[in-house]
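Observations on chain architecture
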Amino acid sequence: RSIINENLEKAVTEEKDIETMNNLMLGSLYAGIAFSNASLGAVHGMAHSLGGLLDLPHGECNSILLEHVIDLNFDSAPEKYNNISRSLGIEINSLNSVKEKLLERIRILRENVGIRSFIEIAGSRDDLYDLLVKNALDDPCMVTNPKELSPAEVRNIYERILQEKR
């Protein structure tokens, strides 16, 4: 059971109420307490680099990166992802379907709260990608990621989520 999962989508609609907002605040508090006792992995390490270099909100960066990092990490920590899936209300019948169901739930949640799947930048520059990757791989959060990501894997994610403004 996830108090954030149960309240986040309603909290961004006009139907929100004091109980929903209180539950979301409580879920946020619980998450903050949990974060204070753990290093957070590649999503946060990459979000630190992305948000810092492009002056973007940390939460938005995390949301955009989450699906991509789960996709790479899943096979390195399937039981952890099964637990996350259960807390999101995803029925687990076989390991083969869990990953796709989890990625779909994360995508739907991101879309329903109004966060796009990409970030627009002015031009595509190799030096930007090089700096994003270097900063991400140097971030202390990367140490506890379930899988050691290669520079190519990190760059590939950044290339998928950054789009040139048109």
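Further up the page is the structure itself.
Now for a description of the structure that goes with this document. A quick note: this is a predicted structure, and the numbers were derived from the prediction, not measured.

What follows covers helix H5 (residues 78–87). Those residues of H5 not exposed but buried are Tyr 81, Asn 82 and Ser 85. One side of H5 carries all its buried residues, which in axial view fall inside an arc of 105°. Across from the buried face of H5, at angles greater than 90 degrees, the exposed residues are Glu 79 and Lys 80. Backbone geometry just after H5 places Gly 89 at a positive phi near 80°.

Look at helix H3 (residues 42–54): 18 Å from first C-alpha to last across 13 residues, which is about the 18 Å you get at 1.5 Å a residue. Of all the residues in H3, the buried ones are Ala 42, Val 43, His 44, Gly 45, Met 46, Ala 47, Ser 49, Leu 50 and Gly 51. The elements touched by buried residues of H3 are helix H2 (18–35), helix H4 (58–73), strand S1 (119–121), helix H7 (126–138), helix H8 (151–161) and strand S2 (162–164). After H3 finishes, the residue Asp 55 shows a positive phi value of roughly 55°.

Looking at where Ser 63 falls in the secondary structure, it is placed in helix H4. Residues in contact with Ser 63, not counting those within four places in the same chain, are Arg 110 and Ile 115.

Take a nonpolar patch on the surface next. Taken together, the side chains of Leu 29, Tyr 30 and Ile 33 define a hydrophobic patch exposed on the protein surface, amounting to about 310 Å² of accessible area. Mapping Tyr 30 onto the fold places it in helix H2. Note on Tyr 30: relative accessible area 48%, which makes it partly exposed.

What follows deals with the packing of H4 against H8. For the pair H4 and H8, the least separation of the axes is 10 Å and the interaxial angle reads 145°. Relative to H8, the crossing made by H4 is right-handed. In this structure, H4 uses Ile 64, Leu 65, His 68, Val 69 and Leu 72 to contact H8, whose residues at the interface are Glu 153, Ile 157, Tyr 158, Arg 160 and Ile 161. By residue class, the composition of the contact of H4 with H8 is 7 nonpolar, 1 polar and 2 charged.

Rules behind the numbers
Residues numbered from 1 in each chain as written. Predicted model: local features only at pLDDT ≥ 70, side-chain atom pairs only at ≥ 80, totals over all residues. Heavy atoms only, no water. Buried < 20%, exposed > 50% of the residue type's maximum accessible area, 1.4 Å probe, protein only. Helix = DSSP H or I, 4+ residues; strand = E, 2+ residues; numbered from the N terminus. Arc of directions from axis to C-beta. Expected span 1.5 Å × (residues − 1). Contact = heavy atoms within 4.5 Å. Patch = residues over 30% accessible without salt bridge, like charges linked within 9 Å, V, L, I, M, F, W, Y side chains within 5 Å. Areas by Shrake-Rupley, 256 points an atom, 1.4 Å probe, with all protein chains shown as cover. Salt bridge = Lys/Arg side-chain N within 4 Å of Asp/Glu carboxyl O. Axes fitted to C-alpha atoms, helices over the stretch in contact; angles between N-to-C directions. Left-handed = near helix turned anticlockwise from the far one by under 90°. Nonpolar A, V, L, I, M, F, W, Y, C, P; charged D, E, K, R; others polar.

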